[in-house]
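# Analysis of the macromolecular model
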Amino acid sequence: MKARWKPIVIGSLISLVLLASFPIIAVAGKLNADEVKQLVSGNTLVFRVVEGYEGGRKETRYYDANGTFRQFKKKANKTVKGTWSINDKGELCNSTKKRGACHIIYKQGNVWETYVETRNPAVPDKHILTIEKVLKGNPNGL
């Protein structure tokens, strides 16, 4: 009787080697609280607003490590200030005097996409922003 387990073991080992060779595959998906903090804290994010929310507009926001953020609103010619935190679900929560929202963040290749959870489980979460760049520190002086 032939040993049929050898091809399975060899195939599994090859799969593990390939997975280790492509770290984007290993880290793709929903970010946890530590990954969200590492992404935003002390960094400037350049993001594009998706369709339906003034679609295509680009914004830049600096997330200070002290839990505040500053964002220049080109259209209104003013700086908006607010606070940020990470909730127990690992979502990035932003709040200003006028409104607030918590975002689920997913890594998609070289960009990150944020979604707002819908209250209806039959309706998919809503894509809000695409984070296109993460800059160390506050290079724009926000």
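Conventions used here
- Residues numbered from 1 in each chain as written.
- Predicted model: local features only at pLDDT ≥ 70, side-chain atom pairs only at ≥ 80, totals over all residues.
- Heavy atoms only, no water.
- Helix = DSSP H or I, 4+ residues; strand = E, 2+ residues; numbered from the N terminus.
- Contact = heavy atoms within 4.5 Å.
- Areas by Shrake-Rupley, 256 points an atom, 1.4 Å probe, with all protein chains shown as cover.
- Disulfide = S-S within 2.5 Å.
- Buried < 20%, exposed > 50% of the residue type's maximum accessible area, 1.4 Å probe, protein only.
- Phe/Tyr/Trp six-rings, centres within 6.5 Å; stacked < 30°, edge-to-face > 60°.
- Lys NZ or Arg CZ within 6 Å of the ring centre and 35° of its normal.
- Arc of directions from axis to C-beta.
- Polar contact = N/O pair within 3.5 Å; in protein donor to acceptor, adjacent residues only side chain to side chain.

### Focus: the overall build of the chain
A count of helical and extended segments in the chain gives 3 helices and 9 strands. If you list the helices and strands of the chain from N to C, you get α-α-β-α-β-β-β-β-β-β-β-β. Considering only residue pairs separated by 6 or more positions, the chain has 39% of its internal contacts joining residues 24 or more positions apart. Counting every atom, the chain has about 9700 Å² of accessible surface; 57% of that belongs to carbon and sulfur.

### Considerations on the state of the cysteines
Covalent bonding between the sulfur atoms of two cysteines is what defines a disulfide. Inspection of every chain in the model, using the stated rule, returns 1 disulfide. Disulfide pairing is shown between Cys 93 and Cys 102; the S-S distance is 2.0 Å. For the disulfide bridge between Cys 93 and Cys 102, the dihedral angle about the S-S bond is near 110°, and by the sign convention the bridge is right-handed. For Cys 93, a relative accessible area of 12% translates into the label buried. Classification of Cys 102 by relative accessible area gives partly exposed; the value is 28%.

### Looking at the packing of aromatic side chains
Evaluated as defined, the whole model comprises 3 aromatic pairs. A ring pair is formed by Tyr 63 and Trp 84, whose centres lie 5.9 Å apart and whose planes are at 85°; its orientation type is edge-to-face. With Tyr 63 in strand β3 (residues 58-63) and Trp 84 in strand β5 (residues 78-86), the pair connects residues that are 21 residues apart, well separated along the chain. This pair shows no difference in class: Tyr 63 is buried, exactly as Trp 84 is. Seen in terms of ring centroids, Tyr 106 and Tyr 115 are 5.5 Å apart; in terms of plane orientation they differ by 85°. Their pairing is edge-to-face. A relative accessible area of 24% means that Tyr 106 is categorised as partly exposed. Through a chain of ring-to-ring contacts, the aromatic side chains of Tyr 63, Phe 69 and Trp 84 assemble into a single cluster. One Lys or Arg, Arg 61, reaches over the ring of Phe 69 and ends 4.3 Å from the middle of that ring.

### Notes on the environment of Thr 130
Here Thr 130 shows up in strand β9 (residues 126-136). Take Thr 130: its relative accessible area is 5%, and that puts it in the buried class. Here the alpha-carbon distance between Thr 130 and Lys 58, two residues 72 residues apart in the chain, equals 9.5 Å. Look past the residues within four positions of Thr 130 in its chain and what remains in contact with it is Val 46, Phe 47, Arg 48, Val 50, Val 111, Trp 112 and Glu 113.

### A look at helix α3 (residues 33-40)
For α3, the set of buried residues is Val 36, Leu 39 and Val 40. For α3, the buried positions fall inside an angular range of 80° around the axis, keeping them on one side. Exposed side chains of α3 directed beyond 90 degrees from the buried face belong to Asp 34 and Gln 38. Of the residues that open α3, the one with a side-chain oxygen 3.0 Å from the backbone nitrogen of Asp 34 is Asn 32.

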